Amino acid sequence: MVSRLVQNTKVMKHAATFLLPSSAVSATNRLAQTYALVVLNQQIPKFTPLLWSHAKLRICADGGANRIFDGVPKLFPDQNQLNIQHRYVPNVIKGDMDSIRPEVHQFYAELGSEIIDNSENQDTNDLHKCISFIREQTSAFDHSNFCTLVTGALGGRFDHEAANLNALYVFSDMRIVLLSDDCQIRLLPKTHQHEIHIQSTIEGPHCGLFPIGGPSVSTTTTGLTWDLCNSEMKFGSMISTSNKVREEKVTVCSDADLLWTISLKTPIHMGLTC
Amino acid sequence: MEVMWHASSFLLPQPQPQEPREDAPPPAALTYALIVLNQRLPRFAPLLWNRAQLRVCADGGANRVYDNMPKLFPDQDPQEVRLRYTPDVIKGDLDSIRDDVKEFYLNLGVRIVDESHDQDTTDLHKCVAYVSGSAPVEDKSKLCILVVGALGGRFDHEIGNINVLHRFSNLRIVLLSDDCLIHLLPKTHSHVIHVQLPVEGPHCGLIPIGAPSARTSTTGLQWNLSDTAMSFGGLISTSNVVKEDKITVSSDADLIWTISIKKPIKE
């Protein structure tokens, strides 16, 4: 039972400060994290420039490059479109290269994006490949201080969405957050107790906890409208959907890996002058 | 183990008589019901509506029918379209349906059922329970419930909707979007899926949501499984491709089958 006690004392803290303008991230809510951004091939959320401003490494997965090229200028309709395109140049474009348009490929290649063609590797999906790449680049960093933000992982074909959710489980020792205009999703690994610091100006109140990988015999939470208390959760029976955050700090402790989701308030004020 | 047959013939423009096959009896004719949830209607919603014998809107799904059915028939008078596509029942919390929409359907005699007292189950759960109890079919194995608006949007809603498939695992329920459909393959049966190639495929997947599979076997896919283990954190079958028009699946776990829908579907 000693090892169980050791497990239960490891606390993992989470805070969506990447959704606050940099000026609003204070010493108290900053988690001293370094961010990477992965853009997959779906319509970008409206707050993508904010994520871009926080990220040290910006990667487009194949057609995600089209989404940045076409989508970011539309978020700044009063600005010169070509200027915007020059400001939002990914560090890396990675994938099969069967979706990126030739003119987008050329534009970013000429501006210095590293283009990595993976078409020979059909075994894993685009998100898996990008996260593996980030993992290789950040081996010198402490993974607990590095967080990968992902846009475009939800919606569209369900098997793509499932593969993207599976990436959270496959790379469960890395912080990865899937983001859409409506919500964010993270994995809460069973190896830790979790503290989620709610940024109530930009997220909530709707939230949920899901044991998609396998049932939970015992999950306990605090800070939710319908808290769980050593509760069992499994598909076919009770899972925590349409819950609400009640306090600024939510805690979760479980014997199973859980997906945590929380709704996003719109619009998100980006605090950017571009 | 008993075999369960599946065919997305509800996506075909005209009901097709099932051709007898040497290797199998044709699946029994199904009775369809349609549930409309509160998201943008897929472009083939009228096709499903016409196929269904019972049409239920879950709360704000009524807004979607009211606003969006006319948009799918831009050359026709909106009110005539609304009269043609009137639900049988509107059910749920009733906190999303607009007043003008509620009044319009009340005046047409649509039954509107307020379930706001019941906060324990989702709108889809309530509608499936209602359809299961009310549908004009005695043998529930011949009932197929089609659902639009269950995928996309808030993730906890989507997961709650998928859990309804698990909770009512003895019913045929298909969740549909413009891009794909999903339904449960319960572990209690082995499965034969007759792929309707004019309207669906080739992209497909098998996903063990809720519990891992120690052994799954398939035929008819590009990357078949052979007593293969699947789990989140390990292998799940995504970006697979249908190679034959008959797919078989048998597993020790409940699996979600998903297949892409071809565009456009003609009505």
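Not measured: the values here are computed from a predicted model.

So, how was this worked out
- Residues numbered from 1 in each chain as written.
- Chains lettered and ligands numbered in written order.
- Predicted model: local features only at pLDDT ≥ 70, side-chain atom pairs only at ≥ 80, totals over all residues.
- Heavy atoms only, no water.
- Helix = DSSP H or I, 4+ residues; strand = E, 2+ residues; numbered from the N terminus.
- Buried < 20%, exposed > 50% of the residue type's maximum accessible area, 1.4 Å probe, protein only.
- Contact = heavy atoms within 4.5 Å.
- Areas by Shrake-Rupley, 256 points an atom, 1.4 Å probe, with all protein chains shown as cover.
- Axes fitted to C-alpha atoms, helices over the stretch in contact; angles between N-to-C directions.
- Parallel < 35°, antiparallel > 145°, perpendicular 65-115°, else oblique.
- Pairing = 2+ DSSP bridges.
- Nonpolar A, V, L, I, M, F, W, Y, C, P; charged D, E, K, R; others polar.
- UniProt positions renumbered as here; feature names shortened; annotations may be inferred.
- Phe/Tyr/Trp six-rings, centres within 6.5 Å; stacked < 30°, edge-to-face > 60°.
- Lys NZ or Arg CZ within 6 Å of the ring centre and 35° of its normal.
- Polar contact = N/O pair within 3.5 Å; in protein donor to acceptor, adjacent residues only side chain to side chain.
- Buried area = accessible area lost by both parts, 1.4 Å probe.

A. Region of the structure containing the overall build of chain A. Within chain A, the regular secondary structure consists of seven helices and 15 strands. By the burial criterion, 54% of the 274 residues in chain A qualify as buried. Considering only contacts in chain A between residues 6 or more positions apart, those separated by 24 or more positions represent 71%. For chain A, the exposed surface amounts to about 11900 Å²; the carbon and sulfur share of it is 49%.

B. Up close: the packing of helix H7 (residues 158-170) of chain A against helix H6 (residues 155-167) of chain B. Relative to each other, H7 of chain A and H6 of chain B sit at 110 degrees, their axes nearing to 14 Å. Between H7 of chain A and H6 of chain B, the angle is such that the two are roughly perpendicular. Contact residues: H7 of chain A offers Phe-158, Glu-161 and Leu-165 of chain A, while H6 of chain B offers Phe-155, Glu-158 and Ile-162 of chain B.

C. Geometry of the pairing of strand S8 (residues 180-185) of chain B. All names here are of chain B. Burial analysis of S8 places six of its six residues in the buried class, which makes it a mostly covered element. Relative to S8, strand S7 (residues 172-176) is paired through three bridges, and the arrangement is antiparallel. If you follow Val-174 over to S8, its bridge partner there is His-183. Sheet analysis places S8 next to strand S15 (residues 255-261), joined by six bridges and oriented antiparallel.

D. Representation of the packing of helix H3 (residues 64-75) of chain A against helix H5 (residues 102-110) of chain A. All names here are of chain A. Their axes nearest at 10 Å, the elements H3 and H5 cross at an angle of 80 degrees. Taken together, the axis directions place H3 and H5 in an arrangement best described as roughly perpendicular. Facing Ala-65, Asn-66, Ile-68 and Phe-69 of H3, the residues of H5 in contact are Val-104, Phe-107 and Tyr-108. Tallied by class, residues from the contact of H3 with H5 come to six nonpolar, one polar and no charged.

E. Focus on the sheet that holds strand S15 (residues 258-264) of chain A. Residues and elements named next belong to chain A. Taken together, the 10 strands give an open sheet; going across it, the order is S5-S4-S3-S2-S6-S7-S8-S15-S10-S13, and neighbouring strands pair in mixed fashion. Every interior strand has two partners, whereas the edge strands, strand S5 (114-117) and strand S13 (240-244), have only one. Mean inter-strand twist for the sheet, computed between neighbouring axes without regard to direction, equals 20 degrees. Where strand S7 (residues 175-179) and strand S8 (residues 183-188) come together, three bridges link them in antiparallel fashion. Bridge pairing in S8 links Val-177 to Arg-186. Packing of H3 onto the sheet brings it into contact with strand S2 (34-39), strand S3 (55-61) and strand S4 (92-95), and relative to S3 it is tilted by some 110 degrees.

F. Molecular detail of the UniProt feature "domain: Thiamin pyrophosphokinase thiamin-binding" (unreviewed entry) in chain A. Per the UniProt annotation, the sites labelled "domain: Thiamin pyrophosphokinase thiamin-binding" (unreviewed entry) are residues 192-258 of chain A. Secondary structure over residues 192-258 of chain A splits into 0% helix and 52% strand, and the C-alpha atoms at its two ends are 11 Å apart.

G. The arrangement of the UniProt feature "domain: Thiamin pyrophosphokinase thiamin-binding" (unreviewed entry) in chain B in detail. The sites that UniProt annotates as "domain: Thiamin pyrophosphokinase thiamin-binding" (unreviewed entry) are residues 189-255 of chain B. Its end C-alpha atoms 11 Å apart, residues 189-255 of chain B is made of 0% helix and 52% strand.

H. Layout of the packing of aromatic side chains. All names here are of chain B. One pass over the full model with this rule turns up 14 aromatic pairs over all chains. With a centroid separation of 6.3 Å and 85 degrees between ring planes, the pair formed by Tyr-66 and Tyr-105 is classed as edge-to-face. Here the residue Tyr-66 occupies a position in helix H2 (residues 61-72), and Tyr-105 occupies one in helix H4 (residues 99-107), the gap between them amounting to 39 residues. Like Tyr-66, the residue Tyr-105 is buried in the burial classification. Between the NZ or CZ atom of Arg-82 and the centre of the ring of Tyr-66, over which it lies, the distance is 3.9 Å. It is Arg-84 that lies over the ring of Phe-73; its NZ or CZ is 5.1 Å from the centre.

I. View of the side chain of Thr-216 of chain B. All names here are of chain B. As for its position among the elements, Thr-216 is in strand S11 (residues 213-219). A distance of 2.8 Å separates the side chain of Thr-216 from the side chain of Ser-251, its partner in a polar contact. Not counting residues up to four positions away in its chain, the partners in contact with Thr-216 are Leu-225, Ser-226, Asp-227, Thr-228, Met-230, Val-249, Ser-250, Ser-251 and Leu-255.

J. Expanded view of the interface of chain B and chain A. Across the boundary between the two partners, chain B contributes 35 residues, which contact 34 residues of chain A. Counting each side, the surface lost to burial between chain B and chain A is near 2700 Å², with a carbon and sulfur contribution of 67%. Interface area lost by chain B to chain A is led by Arg-154, Phe-155 and Phe-232 of chain B, which between them contribute 25%. Along the contact surface separating chain B from chain A lie nine residue pairs in polar contact (both at pLDDT 80 or more).

K. Expanded view of unusual backbone geometry. Residue Gly-204 of chain A is joined to Pro-205 of chain A through a cis peptide bond whose omega torsion reads 0 degrees. The residue after Gly-201 of chain B, namely Pro-202 of chain B, is reached through a cis peptide bond having omega 0 degrees. Note that Pro-202 of chain B resides in strand S10 (residues 200-207). The backbone of Asn-230 of chain A shows a phi angle near 50 degrees, a positive value even though the residue is not glycine. Structurally, the position occupied by Asn-230 of chain A is in the loop between strand S11 (216-222) and strand S12 (231-233). Looking at Asn-230 of chain A, the relative accessible area reads 56%, which means it is exposed. At Ser-242 of chain A, a position not held by glycine, the phi torsion is positive, near 50 degrees. In this structure, Ser-242 of chain A sits in strand S13.

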